[in-house]
Amino acid sequence: MENAQTLTITVTPQKTLELPPELQARLNPGEQYLVSISEETITLTKAKSTQLPAFDWQKWEAKLETQADDSEQLSTEEICEIVREVRQNRKA
């Protein structure tokens, strides 16, 4: 465990927490913390991030450009024709 420091946090009349500057400096918007509560103790533990990485449009476009054309790929018209045939066969 890293060097622990004990700080005093004040509960305001509105029941919010007044954080000392040393603690505020270590917090970032959007971070989440798990709260463990017992009779005499409240502990905050930084939650592990479960966010997905941001989507990189430039990387995606570059990948599309490097992919070879698929000459065997069906056209929209061919797909529509297959769908029509399947629907007709289901009705029969």
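None of these values were measured; they are calculated from a predicted model. (Residues numbered from 1 in each chain as written. Predicted model: local features only at pLDDT ≥ 70, side-chain atom pairs only at ≥ 80, totals over all residues. Heavy atoms only, no water.)

**Brief notes about the overall build of the protein chain**
Tallying secondary structure elements over the protein chain gives three helices and four strands in all. Traced from its N-terminal end to its C-terminal end, the protein chain shows the element sequence β-β-α-β-β-α-α. Against the globule reference of 12 Å for 92 residues, the protein chain gives a C-alpha radius of gyration of 29 Å, more extended than a compact globule. Taken over the C-alpha atoms alone, the protein chain extends approximately 75 × 40 × 30 Å along its principal axes. Buried positions account for 2% of the 92 residues belonging to the protein chain. The contacts in the protein chain between residues at least 6 apart in sequence include a share of 3% that link residues at least 24 apart. Just so you have it, the protein chain exposes about 9800 Å², and 52% of that area is on carbon and sulfur atoms. Side chains of the protein chain give 10 positive and 16 negative charges; the mean places of these two sets differ by 7 Å. (Helix = DSSP H or I, 4+ residues; strand = E, 2+ residues; numbered from the N terminus. Rg over C-alpha atoms; globule rule 2.2 N^0.38 Å. Buried < 20%, exposed > 50% of the residue type's maximum accessible area, 1.4 Å probe, protein only. Contact = heavy atoms within 4.5 Å. Areas by Shrake-Rupley, 256 points an atom, 1.4 Å probe, with all protein chains shown as cover. Lys, Arg positive; Asp, Glu negative; His and termini not counted. Charge placed at Lys NZ, Arg CZ, Asp CG, Glu CD.)

**So, the confidence of the model for the protein chain**
For the protein chain, the mean per-residue pLDDT works out to 86, and 95% of the residues sit at or above 70. Least confident of the elements in the protein chain is helix H2 (residues 57–66), whose mean pLDDT is 84; most confident is strand E2 (residues 17–18), at 93. (pLDDT = per-residue confidence, 0-100.)

**Observations regarding the packing of aromatic side chains**
Overall, the coordinates contain three aromatic pairs when judged by the stated rule. With centroids separated by 4.7 Å and ring planes inclined at 75°, the aromatic side chains of Phe-55 and Trp-57 adopt a geometry described as edge-to-face. Here Phe-55 matches Trp-57 in class, with each residue exposed. Measuring from ring centre to ring centre gives 6.4 Å for Phe-55 and Trp-60, while their planes differ by 55°; the resulting arrangement is tilted. Grouping aromatic residues by their ring pairs yields a cluster made of Phe-55, Trp-57 and Trp-60. (Phe/Tyr/Trp six-rings, centres within 6.5 Å; stacked < 30°, edge-to-face > 60°.)

**A short note on the pairing of strand E3 (residues 33–37)**
Relative to strand E4 (residues 42–46), E3 runs antiparallel, the two sharing five bridges. Looking at the pairing, Leu-34 lines up with Thr-45 of E4. Counting the residues in the hairpin turn of E3 and E4 gives four residues. (Pairing = 2+ DSSP bridges.)

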